[in-house]
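Below are the chains, spelled out letter by letter.
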Amino acid sequence: MTVFDIRKIGGRIGAEVVGVDVRDLTDGLFREIQDALLDHKVLGFRGQDLTDDDQIAFASRFGPLTGAHPTVPSLDGRREVLPVDSESGRANHWHTDVTFVRTPPKVSTLRGLVIPPYGGDTLIANTGAAYRDLPDELRELADRLWAVHTNDYDYVKPRSSGADPEKSAEHRRAFVSRTWKTAHPVVRVHPESGERNLFIGGFAQSLVGLSPREGRTLLDVFQAYVTRPENILRWSWAPGDLVVFDNRITQHYASDDYGDLPRLLHRVTVAGDVPAGVDGRESYRVEGDDATHYTPSAA
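Residues numbered from 1 in each chain as written. Predicted model: local features only at pLDDT ≥ 70, side-chain atom pairs only at ≥ 80, totals over all residues. Heavy atoms only, no water.

### Some points on the packing of aromatic side chains
Thought 1: In total, this model carries eight aromatic pairs according to the counting rule given.
Thought 2: Summarising the aromatic geometry, the rings of Phe-30 and Phe-58 are spaced 6.2 Å apart at their centres and angled 85 degrees between planes, so their arrangement reads as edge-to-face. Note that Phe-30 is positioned in helix H1 (residues 27-40) and Phe-58 in helix H2 (residues 52-60), a separation of 28 residues in sequence. With respect to class, Phe-30 is no different from Phe-58; both count as buried.
Thought 3: Taking 6.0 Å as the distance between ring centres and 75 degrees as the angle between the ring planes, the aromatic pair formed by Phe-45 and Phe-58 counts as edge-to-face. Of the two residues, Phe-45 is situated in strand E3 (residues 42-45) and Phe-58 in helix H2; the sequence distance between them amounts to 13 residues. Across this residue pair, the class does not change: Phe-45 and Phe-58 are buried.
Thought 4: Here the guanidinium or amino end of Arg-46 rests over the ring plane of Trp-235, the centre of that ring lying 3.9 Å away.
Thought 5: Positioned above the aromatic ring of Phe-199 is the side chain of Arg-188, whose terminal nitrogen or guanidinium carbon lies 4.9 Å from the ring centre. (Phe/Tyr/Trp six-rings, centres within 6.5 Å; stacked < 30°, edge-to-face > 60°. Helix = DSSP H or I, 4+ residues; strand = E, 2+ residues; numbered from the N terminus. Buried < 20%, exposed > 50% of the residue type's maximum accessible area, 1.4 Å probe, protein only. Lys NZ or Arg CZ within 6 Å of the ring centre and 35° of its normal.)

Here is the structure:
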């Protein structure tokens with residue numbers, strides 16, 4: 001019997017889970033949370049006040065974990081934890097996590113530690129709803145296209161004011177210290193729900209078989225459907241909050257509207273599978289290694 005409430009936040013994406021402690025879940029309750037994540041794409045849990053070990057333990061219930069990031073250093077002593085720290089840069093660009101490798105994460109978990117008194121919301125978009133919004137002609141075109149995703153561009157911007165140039169430069173050097181290019185289908189079929197979605201985002205920099213200008217134009221057209229307001233959840237953080245999203249069918253964006261104030265989240269991600277398109281073909285590496293150091297699913 002369900003002992004907690006799942007309250008929809010938006011008509012197309014997102015729900016808040018109320019009345020549960022993620023440190024104390026039976027297998028049955030966890031299955032309900034898994035089902036709710038498939039349905040709503042994003043789940044928010046207020047006031048969980050977890051430790052890093054608690055976050056790691058909860059994320060592990062979804063499957064084996066990745067490292068913190070393929071290139072950016074993890075939290076000291078916690079290889080699975082990535083500090084998302086405004087001191088190093090601000091990811092105010094729409095993206096899906098780590099799509100530049102062949103097996104991007106399945107699920108991402110974010111935990112709020114240091115939260116500014118205003119601003120700093122996380123926006124998360126339902127890319128399945130975006131696909132359904134496409135006119136038939138664009139949908140049929142998208143079904144046939146493949147995009148090359150790469151980390152060799154600067155999606156994490158330095159702080160707009162009060163920046164630490166050395167930290168920003170150090171983060172940039174680490175981010176591109178090893179580079180990958182991976183071709184993914186523009187339309188991915190979700191491996192559990194079978195739902196089709198626009199699997200693009202900021203790391204998608206070109207389209208296979210098209211010129212850079214043509215590819216960029218089409219990617220911008222498709223991205224405009226992802227970021228329609230009705231497809232977006234806006235999560236206003238409080239310290240202790242936990243947000244979980246299905247990285248296979250969402251994009252997200254960190255709002256850079258809190259001046260020089262500090263903001264710190266911790267991210268832990270669950271290893272994912274190889275994306276497949278509508279014709280069943282799987283993603284393939286264009287450049288770079290198989291990232292086995294980062295994710296066990298690449299082995």
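### Some words on the pairing of strand E8 (residues 181-185)
Thought 1: The element E8 is largely enclosed, with a buried count of four among its five residues.
Thought 2: Judged from the five bridges that link them, strand E7 (residues 146-150) and E8 form a sheet pairing that is antiparallel. Bridged to Thr-150 within E8 is Lys-181.
Thought 3: By the bridge criterion, three bridges tie E8 to strand E16 (residues 284-287) in an arrangement that is antiparallel. In the strand pairing of E16, Ala-183 is matched with Tyr-284. (Pairing = 2+ DSSP bridges.)

### Considerations on the side chain of His-95
Thought 1: Mapped onto the elements of the fold, His-95 is located in the loop between strand E4 (82-85) and strand E5 (107-114).
Thought 2: Overall, His-95 belongs to the buried group, its relative accessible area being 3%.
Thought 3: A distance of 3.5 Å separates a polar atom in the side chain of His-95 from a polar atom in the side chain of Asp-97. (Polar contact = N/O pair within 3.5 Å; in protein donor to acceptor, adjacent residues only side chain to side chain.)

### With respect to the environment of Gln-48
Thought 1: Along the polypeptide, Gln-48 turns up in the loop between E3 and H2.
Thought 2: Separated by 193 residues in the primary sequence, Gln-48 and Asp-241 have C-alpha atoms spaced 5.8 Å apart.
Thought 3: Sequence-distant contacts of Gln-48, that is, excluding residues within four places in its chain, are made with Val-20, Asp-21, Val-22, Arg-23, Gly-240 and Leu-242. (Contact = heavy atoms within 4.5 Å.)

### Points about helix H6 (residues 212-226)
Thought 1: Its 15 residues place the ends of H6 21 Å apart at the C-alpha level, agreeing with the 21 Å of an ideal helix rising 1.5 Å per residue.
Thought 2: Among all positions of H6, only Gly-215, Leu-218, Leu-219, Phe-222, Gln-223, Tyr-225 and Val-226 are buried. Seen end-on, H6 carries its buried residues on one side only, within an arc spanning 145 degrees. (Expected span 1.5 Å × (residues − 1). Arc of directions from axis to C-beta.)

### What about the packing of helix H4 (residues 136-144) against H6?
Thought 1: Closest axis-to-axis distance for the H4/H6 pair is 12 Å, and the angle between their directions is 120 degrees. As summarised for this structure, H4 and H6 are arranged oblique, according to the angle between their axes. Like other packed secondary-structure pairs, H4 and H6 cross with a definite hand, here left-handed. Counting all contacts with H4, which are made through Leu-138, Leu-141 and Ala-142, the residues of H6 involved are Leu-218, Val-221, Phe-222 and Tyr-225.
Thought 2: Class assignment of the residues belonging to the contact of H4 with H6 gives a composition of seven nonpolar, no polar and no charged. (Axes fitted to C-alpha atoms, helices over the stretch in contact; angles between N-to-C directions. Parallel < 35°, antiparallel > 145°, perpendicular 65-115°, else oblique. Left-handed = near helix turned anticlockwise from the far one by under 90°. Nonpolar A, V, L, I, M, F, W, Y, C, P; charged D, E, K, R; others polar.)

### Things to note about the sheet that holds strand E6 (residues 122-126)
To summarise the sheet geometry, strands pair through backbone hydrogen bonds and adopt either a parallel or an antiparallel arrangement.
Thought 1: Pairing within the open sheet is antiparallel, and its three strands lie in the order E12-E6-E14. In this open sheet, the two edge strands, each paired with only one partner strand, are strand E12 (232-235) and strand E14 (250-254). On average, adjacent strands in this sheet sit at an angle of 20 degrees to one another, irrespective of strand direction.
Thought 2: Alignment of E6 against E14, held across five bridges, turns out to be antiparallel.

### Here we look at the pattern of salt bridges
Thought 1: Enumeration over the complete set of coordinates arrives at 24 salt bridges.
Thought 2: A salt bridge links Arg-61 to Asp-27, with the nearest nitrogen and oxygen atoms 3.0 Å apart. Remark: Asp-27 occurs in helix H1 and Arg-61 occurs in the loop between H2 and E4; sequence separation between them is 34 residues.
Thought 3: Under the relative-accessibility criterion, Asp-27 is labelled exposed at 54%.
Thought 4: Ionic pairing is found between Asp-241 and Arg-46, a salt bridge with its closest N-O pair at 2.4 Å. (Salt bridge = Lys/Arg side-chain N within 4 Å of Asp/Glu carboxyl O.)

### Topic: the sheet that holds E8
Thought 1: Spatially, E11-E7-E8-E16 is the arrangement adopted by the four strands of the open sheet, whose pairing is antiparallel. Each edge of the open sheet carries a strand with a single partner, namely strand E11 (204-207) and E16. Taken pair by pair, the neighbouring strands of this sheet meet at an average axis angle of 35 degrees, ignoring direction.

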